[in-house]
Amino acid sequence: AHDSALSDVSARLVLERFASGAEFERAFGRCDLFLDTRIYSAQNTALQGLWLGVLMVTVAGELQKNRALASMLLHFPFPHTLARSREEYLEIARRLVASPRLLGGMRTALQDRRRGSMLFDTERWVRGAEKALVLLWEDHVHTRAGKTRQGKHVIVARDREAA
């Protein structure tokens, strides 16, 4: 069935070739909406796109390789474009493509949330990495001194004060 609200979509659809560096960022600069694939979800591409403020639509799959972006959207937090089924994915995409005003408003909201997102909280990440390095060093010192510690996993829990 032909959807009249989407009749001009083919003129707006651009498929980009692989790009790196500045060209990659320029490609995202031209992008209004990123439609994730279900078979193999975007990972680093999606993370960089979110950083650049590009709205993304995805549906979570069963395997890690097809749910990476879904996980990012849940933790961003911006679950409005996370579909539970193929049908819902298509509905979200159609609604956004048919309404540039809605798309623009959601992109603005996404960009505002990016500032407070734990995905892009570099200072908190650095504090956690520093804490992990200290714990690893302490474990190394204890091991060299002949003292054993239970477990070899280092887990740096979320900073509750920052949450």
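Quick caveat: nothing in here was measured; it's all calculated off a predicted structure.

Colleague: Can you break down the overall build of the chain residue by residue, with the values?
Modeller: Helix and strand counts for the chain stand at 7 helices and 3 strands. The buried share of the chain, taken over its 163 residues, is 30%. In the chain, of all internal contacts separated by at least 6 residues, the share reaching a separation of at least 24 is 59%.

Colleague: Can you explain the pattern of salt bridges? Please cite residues and give values.
Modeller: For the structure shown, the criterion picks out 4 salt bridges. Ionic pairing is found between D32 and R107, a salt bridge with its closest N-O pair at 3.7 Å. Pair noted here: D32 is in the loop between α2 (21-29) and β1 (33-35) and R107 is in helix α6 (residues 100-114), with a separation of 75 residues, a long-range link. With relative accessibility at 43%, the residue D32 sits in the partly exposed group. Here E88 ties to R84 by a salt bridge, and the two come within 3.7 Å at their closest N and O atoms. Judged by relative accessible area, which is 73%, R84 ranks as exposed. Three or more residues joined by partner-sharing salt bridges are found here, namely E23, R26 and R30.

Colleague: Would you mind going over the sheet that holds strand β3 (residues 82-83) in detail, with residue names and values included?
Modeller: Spatial strand order, β1-β2-β3: 3 strands in an open sheet with parallel pairing. Of all strands in the sheet, those with a lone pairing partner are β1 and β3, marking the two edges. Pairing analysis gives 2 bridges linking strand β2 (residues 55-59) to β3, with the strands arranged parallel. The residue of β3 that forms the bridge with T58 is L82. Packing of helix α4 (residues 68-75) onto the sheet brings it into contact with β2 and β3, and relative to β2 it is tilted by some 120 degrees. Those strands touched by helix α5 (residues 86-98) are β1, β2 and β3, and its axis lies near 160 degrees from that of β2.

Criteria and thresholds
Residues numbered from 1 in each chain as written. Predicted model: local features only at pLDDT ≥ 70, side-chain atom pairs only at ≥ 80, totals over all residues. Heavy atoms only, no water. Helix = DSSP H or I, 4+ residues; strand = E, 2+ residues; numbered from the N terminus. Buried < 20%, exposed > 50% of the residue type's maximum accessible area, 1.4 Å probe, protein only. Contact = heavy atoms within 4.5 Å. Salt bridge = Lys/Arg side-chain N within 4 Å of Asp/Glu carboxyl O. Pairing = 2+ DSSP bridges. Axes fitted to C-alpha atoms, helices over the stretch in contact; angles between N-to-C directions.

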